[in-house]
Amino acid sequence: MRAIDLHAHLTPQCFQREVLAGKTWHGMTSAEGELRNSMNAWTPEQRLADMNSLGIDIQVVSTNVAFYKYDQDVATTTAIAQACNNEVQQMTLDHPDRFAGLATLPMQDIKAAIAELERAMLQLGLKGAMINDQINGRTFDEPEFLPFWKAAEQMGALLLIHQASPTLVTPRTTRYHLPNTIGNLVDRAVTFASFVFGGVMDACPDLRICLAHGGGYTCFGIGRMDRGWQVRSEARGNITRPPSAYLRRFYYDCLPHSAAALRLVIDTIGADRVVLGTDWPADMRIDWPVAWVLGLQSLTQEEKELILWKNLERLLGL
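Residues numbered from 1 in each chain as written. Predicted model: local features only at pLDDT ≥ 70, side-chain atom pairs only at ≥ 80, totals over all residues. Heavy atoms only, no water.

Undergrad: Describe the overall build of the protein chain, and please don't skip the residues or the numbers.
TA: Within the protein chain, the secondary structure is distributed over 12 helices and 8 strands. The globule rule puts the C-alpha radius of gyration for 318 residues at 20 Å, and the 19 Å found for the protein chain is close to it. C-alpha atoms of the protein chain, sized along the principal axes, occupy 60 × 45 × 40 Å. Scored against the burial criterion, the 318 residues of the protein chain give a buried share of 55%. Taking as baseline every contact in the protein chain between residues at least 6 positions apart, the subset at least 24 positions apart corresponds to 75%. Element-wise, carbon and sulfur atoms account for 52% of the exposed surface of the protein chain, whose accessible area totals about 13,400 Å². Between the mean site of the 29 positive side-chain charges and the mean site of the 35 negative ones, the protein chain shows a separation of 5 Å. (Helix = DSSP H or I, 4+ residues; strand = E, 2+ residues; numbered from the N terminus. Rg over C-alpha atoms; globule rule 2.2 N^0.38 Å. Buried < 20%, exposed > 50% of the residue type's maximum accessible area, 1.4 Å probe, protein only. Contact = heavy atoms within 4.5 Å. Areas by Shrake-Rupley, 256 points an atom, 1.4 Å probe, with all protein chains shown as cover. Lys, Arg positive; Asp, Glu negative; His and termini not counted. Charge placed at Lys NZ, Arg CZ, Asp CG, Glu CD.)

This is the structure in structure tokens:
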């Protein structure tokens, strides 16, 4: 049985060579890039050895969120994105049977983001991009982003939505790791709602989006979103169908860290929309992801196969 991991991050070696020598890299220092976790420093060869031990055949590699840099000038962010995307491409060339890639993009400038996505997909052979839940505080229903969604749709890009700090929980509390453990899930539900209530999914019927961390609180809270759509006129401003009608327009990774929550996601949207995502190599990752999925008594064998490889094989042509 194959296993394809959509949610696996990279701290680029080109960044590490500079900052670990005491230099800066496009203004970034060794305090960034999540190097406090030694696994983030691993070479592709070390990564492959770990993938072998975990039973992962293919990682769809995405540069970690420290490299988004949407708050920087466009030239700097573009240079960072291009270097990161070039390194991901090289991994796919060196090990074409083991790695595929997602780009990082200068999302604060839509023309630059479209140009880099086009380069990443058409020249580098990457499969799409990973982006934050918001761009400098602006959610994805803002009209300024529509040309990007249209371009991504036309290119057939898969967009993995994955938060960076701070999350929506951060202003309320920074204690107990809650900006991550709760905040990630809050951000993802707001992103789903922005895409749906904002009319983006109607405007771009073929847009392909994967919501990391099981879509956060989306599936759990969809009934309340539907009720709001039924009774509040402002919730119906852009859509004529309830939010639940859009659930299957998205993909979701299998990373809610709970068998019961994963079962809820599958029962809500169907196993054909759920993919393997491990959050490698973060400390919040699934330690033994393939074994975990295979050991879930609440899943059928067909559901396990869809999640582990069949869905991503079909979705990304792997």
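Undergrad: Explain the sheet that holds strand S1 (residues 4-10) to me, and be specific about the residues and the numbers.
TA: Remark on secondary structure: sheet strands pair via backbone hydrogen bonds, oriented parallel or antiparallel. One open sheet accounts for 3 strands, arranged S1-S2-S3; its pairing is parallel. Looking along the sheet, the strands with just one partner apiece sit at the ends: S1 and strand S3 (99-102). Between one strand axis and the next, the sheet turns through 30 degrees on average, direction left out of account. Pairing geometry for strand S2 (residues 58-63) and S3, over 4 bridges, is parallel. Bridge pairing in S3 links Gln59 to Phe99. In this fold helix H12 (residues 301-316) packs onto S1 and S2, with an angle of close to 75 degrees to the strand it touches most, S1. (Pairing = 2+ DSSP bridges. Axes fitted to C-alpha atoms, helices over the stretch in contact; angles between N-to-C directions.)

Undergrad: A description of the side chain of Thr218 should follow, citing residues and the corresponding values.
TA: As for its placement among the helices and strands, Thr218 is situated in helix H9 (residues 218-231). The exposure class assigned to Thr218 is buried, which follows from its relative accessible area of 0%. Non-local contacts of Thr218, meaning those with residues more than four positions away in its chain, are made with Arg188, Ala189, Phe192, Met225 and Leu247.

Undergrad: Quick one: what's the story with the state of the cysteines, residue by residue and with numbers?
TA: A complete count under the given rule lists 0 disulfides for this structure. Looking at Cys204, it has no disulfide partner, and the nearest cysteine sulfur is the one in Cys210, 18 Å off. (Disulfide = S-S within 2.5 Å.)

Undergrad: Explain unusual backbone geometry residue by residue, including any values.
TA: Following Ser165, the chain continues into Pro166 via a peptide bond in cis, with omega recorded as -5 degrees. Relative to the helices and strands, Pro166 resides in the loop between strand S5 (158-161) and helix H6 (178-181). Residue Trp280 is joined to Pro281 through a cis peptide bond whose omega torsion reads 0 degrees. On the secondary structure map, Pro281 appears in the loop between strand S8 (274-275) and helix H11 (289-294). In this structure, Tyr176 is a non-glycine residue whose phi angle is positive, near 65 degrees. With respect to the helices, strands and loops of the structure, Tyr176 is situated in the loop between S5 and H6. Looking at Tyr176, the relative accessible area reads 67%, which means it is exposed. The phi angle at Asp279 is positive, at roughly 65 degrees, despite the residue not being glycine. Here Asp279 is to be found in the loop between S8 and H11.

Undergrad: Please set out the pairing of S3 residue by residue, giving values where relevant.
TA: Side chains Phe99 and Gly101 project from S3 onto one buried face, and the interleaved Ala100 and Leu102 project onto a second face that is buried too. For the handedness criterion, the β-α-β arrangement of S2, helix H3 (residues 74-94) and S3 is classed as right-handed. (Right-handed = clockwise from strand over helix to strand, strands pointing away.)

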